[in-house]
Amino acid sequence: MSVLESERLALREFDLDDADFVLELLNEPAFVRFIGDKGVRTRADAREYLQKGPLDSYRRFGFGLYLASLRANGTPIGMCGLVKREGLADVDVGFALRSRYWSRGYAVEAAAAVLDYGRRTLNLARIVAIANPDNQASIAVLGKIGLQFERMVRLPGEGPELKLFGPGAPQSSP
């Protein structure tokens, strides 16, 4: 189901037919390094990831991660959406693109559109984001969509501390 469009991108709900794309995206070296190894190694694993992640989120919350594709030709390039995570009081915006589509402004375009959708359509009062402290590219995207560093957080069951960004007043970054 189509959710929203921006100038160059279309975002829609994932379905199980997207398993091959998800398998590729989740195994890109940058995804594993900065977001984490989700243990998705087969098409069946990817289908399970979709069922327990985005598809479950659509049912439970009415939003989730969406497949981002180029409007011009429908080529899938990544995912972007809203996530309700255990350990975070607020919904967060998340994104990941295939590396071949980096440095073209797609992450900023998708994240800004999702942020606007969350605020205007879903009426979410506060939307945040989290990022690995070493992921300078994602941190730059968050700044471009108006989010500012607030504090360090650690999600339940997760390893490293992450930077939390929100719409509030900026604080100095460690």
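In short, a report on the structure. (Residues numbered from 1 in each chain as written. Predicted model: local features only at pLDDT ≥ 70, side-chain atom pairs only at ≥ 80, totals over all residues. Heavy atoms only, no water.)

Moving on, we get to the environment of Val3. By the element assignment, Val3 lies in strand β1 (residues 2-5). Spatially, the C-alpha atoms of Val3 and Asn73 are 17 Å apart, while their sequence positions differ by 70 residues. Non-local contacts of Val3, meaning those with residues more than four positions away in its chain, are made with Leu11, Arg12, Glu13, Tyr66 and Tyr117. (Helix = DSSP H or I, 4+ residues; strand = E, 2+ residues; numbered from the N terminus. Contact = heavy atoms within 4.5 Å.)

Quick look at helix α1 (residues 19-26) now. Those residues of α1 that sit buried are Ala19, Phe21, Val22, Leu25 and Leu26. Each buried residue of α1 lies within a common arc of 155° when the element is viewed along its axis, so the set occupies one face. Of the surrounding elements, those touching the buried residues of α1 are α2 (29-34), α3 (43-61), β3 (65-70), β4 (76-83) and β5 (91-97). (Buried < 20%, exposed > 50% of the residue type's maximum accessible area, 1.4 Å probe, protein only. Arc of directions from axis to C-beta.)

Tracing the sequence through the fold places Ser69 in strand β3. Using a relative accessible area of 10% as the deciding quantity, one classes Ser69 as buried. Those residues in contact with Ser69, other than ones at most four positions away along the chain, are Arg8, Leu9, Ala10, Gly74, Thr75, Pro76 and Ile77.

Turning next to the pattern of salt bridges. With the rule as written, the count across this model stands at 15 salt bridges. Across the salt bridge formed by Arg85 and Asp92, the nearest N and O atoms sit 2.8 Å from each other. In this structure Asp92 comes out as buried when scored by relative accessible area, which is 1%. One salt-bridge network, in which partners are shared between bridges, spans Asp90, Arg126, Glu150 and Arg151. (Salt bridge = Lys/Arg side-chain N within 4 Å of Asp/Glu carboxyl O.)

One open sheet accounts for eight strands, arranged β1-β2-β3-β4-β5-β6-β8-β7; its pairing is mixed. The sheet is open, and its two borders are formed by β1 and β7 (148-153), each paired with just one other strand. Mean inter-strand twist for the sheet, computed between neighbouring axes without regard to direction, equals 30°. Where strand β6 (residues 127-131) meets strand β8 (residues 162-166), three bridges bridge the pair, whose relative direction is antiparallel. What sits directly across from Ile130, in β8, is Leu164. Contacts between α1 and the sheet are confined to β3, β4 and β5, with β4 contributing the most and set at about 85° to the helix. (Pairing = 2+ DSSP bridges. Axes fitted to C-alpha atoms, helices over the stretch in contact; angles between N-to-C directions.)

Looking now at the packing of α1 against α3. α3 packs onto α1 with a crossing angle of 95° between their chain directions and a minimal axis gap of 8 Å. In terms of their interaxial angle, α1 and α3 are classed as roughly perpendicular. On α3, the residues that touch Ala19, Asp20, Val22, Leu23 and Leu26 of α1 are Arg43, Ala46, Arg47, Tyr49 and Leu50. Residue composition of the contact of α1 with α3, grouped by class: seven nonpolar, no polar and three charged. (Parallel < 35°, antiparallel > 145°, perpendicular 65-115°, else oblique. Nonpolar A, V, L, I, M, F, W, Y, C, P; charged D, E, K, R; others polar.)

Here the focus is the pairing of strand β2 (residues 9-13). Most of β2 sits inside the fold, with four of its five residues counted as buried. Of the pairings in the sheet, the one linking β1 to β2 comprises three bridges and is antiparallel in character. Directly across from Ser2, in β2, lies its bridge partner Arg12. What sits between the antiparallel neighbours β1 and β2 is a turn of three residues. Across five bridges, the pairing between β2 and β3 is antiparallel. Counterpart to Arg12 in the pairing with β3 is Leu67.

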